Amino acid sequence: MFIAATRKGDWKLYLATTEDLLPYFHAHDQYNYGRWGPLYVADMLELQTTDPELWKFFEEGNFIITKHEIPFTGIDPDHAIEQEHRKIKAKGGFVELTGNETALAKYAIIAPSLARIVQEFKEYAGIQGRQPCTLHHETVGEKSTQMIKYAADVVDVITKQGNPFMQSDMFNLVTYAVTPAKVAKTLRIETIWEEKHLRNLYHPLI
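In what follows, the accompanying structure is described.

So, how was this worked out
- Residues numbered from 1 in each chain as written.
- Predicted model: local features only at pLDDT ≥ 70, side-chain atom pairs only at ≥ 80, totals over all residues.
- Heavy atoms only, no water.
- Helix = DSSP H or I, 4+ residues; strand = E, 2+ residues; numbered from the N terminus.
- Buried < 20%, exposed > 50% of the residue type's maximum accessible area, 1.4 Å probe, protein only.
- Contact = heavy atoms within 4.5 Å.
- Phe/Tyr/Trp six-rings, centres within 6.5 Å; stacked < 30°, edge-to-face > 60°.
- Axes fitted to C-alpha atoms, helices over the stretch in contact; angles between N-to-C directions.
- Parallel < 35°, antiparallel > 145°, perpendicular 65-115°, else oblique.
- Left-handed = near helix turned anticlockwise from the far one by under 90°.
- Nonpolar A, V, L, I, M, F, W, Y, C, P; charged D, E, K, R; others polar.

### Observations regarding the overall build of the protein chain
Helix and strand counts for the protein chain come out as ten helices and zero strands. The helix and strand sequence of the protein chain, counted from the amino end, reads α-α-α-α-α-α-α-α-α-α. Residue burial in the protein chain is summarised as follows: out of 206 residues, 22% are buried. Counting contacts in the protein chain only where the partners sit at least 6 residues apart, residues at least 24 apart contribute 46% of the total.

As structure tokens, this is what we get:
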């Protein structure tokens, strides 16, 4: 749902799913994310009163980057920046240049201009890297066929042995082996969250 919120530009869903991810950060020892994540969510929610105009701006989907009209293709700003960096990287990246400060400085100056010239030439010559499309790439072609097959496989397994999320015992969907109680307790993220008292510690901030 977090990815869906980003792809759709759904601000409220983005904040809600970010909050839902907080216990997973702690369960996987990502303490920086776990520590600052609640403060980030709290600061963003506070915009409703401290800066309603900015809140409305984000609510309209302007917290993500969209490069075309194809639905469900929004990406976060960091991802968009990485894509722009890719345009100016030479073959092999900056590895060969990092040892030469002068060469790296020159490349940093000329690379954006070179990338712009190449792009303008492609547009002038009618060269396209990919065929224009109005549909999401995962809804057409082989990718779509694979997704339908995988979804059918999951439905088939759950139909045969029951919904694992509705069972009291945690078990493997493939081997049907029931997870030992101690292991299951460790794997249950919510249990870890509650045992560390993180919910009581952070929830008031949100």
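Picking up where we left off.
### So, the packing of aromatic side chains
Taken as a whole, this structure holds eight aromatic pairs when the rule is applied. Note on Trp-11 and Tyr-14: the rings are 5.6 Å apart at their centroids and 20° apart in plane angle, and the pair reads as stacked. Residue Trp-11 and its partner Tyr-14 are located together in helix α2 (residues 11-27), separated by three residues, close to a single helical turn. Assessed through its relative accessible area of 2%, Trp-11 is described here as buried. An aromatic cluster is defined as three or more aromatic residues linked by ring pairs; in this entry it consists of Phe-2, Trp-11, Tyr-14, Trp-55, Phe-57, Phe-58 and Phe-63.

### A word on the packing of α2 against helix α3 (residues 31-50)
Relative to each other, α2 and α3 sit at 155°, their axes nearing to 9 Å. When the interaxial angle is binned, α2 and α3 end up roughly antiparallel. Once α2 is placed against α3, the crossing between them reads as left-handed. Along the contact surface, α2 presents Trp-11, Tyr-14, Leu-15, Thr-18, Glu-19, Leu-22, Phe-25 and His-26, while α3 presents Tyr-31, Tyr-33, Gly-34, Arg-35, Gly-37, Pro-38, Tyr-40, Val-41, Met-44 and Leu-45. Tallied by class, residues from the contact of α2 with α3 come to twelve nonpolar, four polar and two charged.

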